[in-house]
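Below, each chain spelled out in residue letters.
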Amino acid sequence: MEVLTVDRANLLSSASSSSSLSQQEVATKIKQTHRLTVLLKHCSEQLLAEYVCHQGEPFGSPDFQPPAMAVPGLASPSVPPEAWLALSDGKRLWHLAAAYATLPGLLGSVLRQQAELNPLASELHRQLEAAAHQCRGLAGNLEGILGALGVPGPPPPSSSLGGPPPSAFLAKLSGYHVCRLHRDWAMRSHEALGLLRTKYPL
């Protein structure tokens, strides 16, 4: 895998000149945010498994290949690892911040759908609510790091699944894609913050 080379001195200089945070405070915030991504990565995998468990067939089938479905306002983190690493720190953080600003609203929409489709799935409801809360926290941390690096944050999201799907299957499918993208972005954020943490050691 390609390793992105950086000038750490310039990064630290940029952070200190564009923010009131000291270099150590920036490094501390990055460390805290990376720890949050560790939790989020674990929880997002649990959430996807819990979601699939309650949707019935064909979602629980090992060979189920769900049809593609766009999620409004949420891009897929499908950029190849080499291209992702070739982005600047600010670009990577910007894409992460945009995703995590959008995810709470989408997860909230999935929660409302599941409250109707699976009213007794209390653990799934709890995990969806917790995931939305965790995404809000990570979005706030990412925006703080962007500010410290002097990078403008993303615009406010339009994070809703829109009107009710025309069928229960499509509602379940849209929720599946939201949970899967949540997991995929959690994995990417864990990688990105781990990389950034090596550049800002305490």
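All figures in this text were calculated on a predicted structure; none of them were measured in a lab.

**Section: the overall build of the protein chain**
Right, on to step 1. Counting its regular elements, the protein chain contains six helices and zero strands.
Right, on to step 2. Relative to its 202 residues, the protein chain shows a buried fraction of 43%.
Right, on to step 3. A sequence separation of at least 24 residues applies to 88% of the contacts in the protein chain between residues at least 6 apart.
Right, on to step 4. A total of about 10,000 Å² of accessible surface is found on the protein chain, and carbon and sulfur atoms cover 57% of it.

**Description of the environment of valine 38**
Right, on to step 1. Topologically, valine 38 is positioned in helix 2 (residues 23-53).
Right, on to step 2. Counting along the chain gives 149 residues from valine 38 to methionine 187, while the straight-line C-alpha distance between them is 8.6 Å.

**Details of the packing of aromatic side chains**
Each aromatic ring pair is characterised by the separation of its centres together with the angle its planes make.
Right, on to step 1. Under the criterion given, the structure shown has three aromatic pairs.
Right, on to step 2. Grouped by ring-pair contacts, the aromatic residues Phe59, Phe64, Phe169 and Tyr176 constitute a single cluster.
Right, on to step 3. Across the ring face of tryptophan 84, the terminal group of arginine 188 is positioned such that the distance to the ring centre comes to 4.8 Å.

**A word on the pattern of salt bridges**
Right, on to step 1. Within this structure, the stated rule accounts for six salt bridges.
Right, on to step 2. Aspartate 89 is the salt-bridge partner of lysine 199, the closest N and O atoms lying 2.7 Å from each other. In this pair, lysine 199 is assigned in helix 6 (residues 168-199) and aspartate 89 in helix 4 (residues 89-117), connecting sequence segments 110 residues apart. Aspartate 89 shares its class with lysine 199; the two are buried.

**Looking at the side chain of lysine 199**
Right, on to step 1. Under the relative-accessibility criterion, lysine 199 is labelled buried at 5%.
Right, on to step 2. Of note is the side chain of lysine 199, whose polar atom sits 2.7 Å from the side chain of aspartate 89.

**Some words on the packing of helix 2 against helix 6**
Right, on to step 1. Interhelical geometry of helix 2 versus helix 6 gives an angle of 155° and a closest axis separation of 8 Å. When the axes of helix 2 and helix 6 are compared, the pair comes out roughly antiparallel. In this structure, helix 2 meets helix 6 at a crossing whose hand is left-handed.
Right, on to step 2. Among the residues making up the contact of helix 2 with helix 6, the classes are represented as 14 nonpolar, nine polar and seven charged.

**Things to note about the confidence of the model for the protein chain**
Right, on to step 1. A residue-level look at the protein chain finds 86% of positions with pLDDT of 70 or above and a mean pLDDT of 85.
Right, on to step 2. Between the elements of the protein chain, mean pLDDT differs from a low of 42, seen in helix 1 (residues 8-18), to a high of 95, seen in helix 5 (residues 122-148).
Right, on to step 3. Counting contacts from residues 1-19, a segment whose pLDDT is below 50, to residues more than four positions away or on other chains yields 35 contacts.

Parameters at a glance
Residues numbered from 1 in each chain as written. Predicted model: local features only at pLDDT ≥ 70, side-chain atom pairs only at ≥ 80, totals over all residues. Heavy atoms only, no water. Helix = DSSP H or I, 4+ residues; strand = E, 2+ residues; numbered from the N terminus. Buried < 20%, exposed > 50% of the residue type's maximum accessible area, 1.4 Å probe, protein only. Contact = heavy atoms within 4.5 Å. Areas by Shrake-Rupley, 256 points an atom, 1.4 Å probe, with all protein chains shown as cover. Phe/Tyr/Trp six-rings, centres within 6.5 Å; stacked < 30°, edge-to-face > 60°. Lys NZ or Arg CZ within 6 Å of the ring centre and 35° of its normal. Salt bridge = Lys/Arg side-chain N within 4 Å of Asp/Glu carboxyl O. Polar contact = N/O pair within 3.5 Å; in protein donor to acceptor, adjacent residues only side chain to side chain. Axes fitted to C-alpha atoms, helices over the stretch in contact; angles between N-to-C directions. Parallel < 35°, antiparallel > 145°, perpendicular 65-115°, else oblique. Left-handed = near helix turned anticlockwise from the far one by under 90°. Nonpolar A, V, L, I, M, F, W, Y, C, P; charged D, E, K, R; others polar. pLDDT = per-residue confidence, 0-100.

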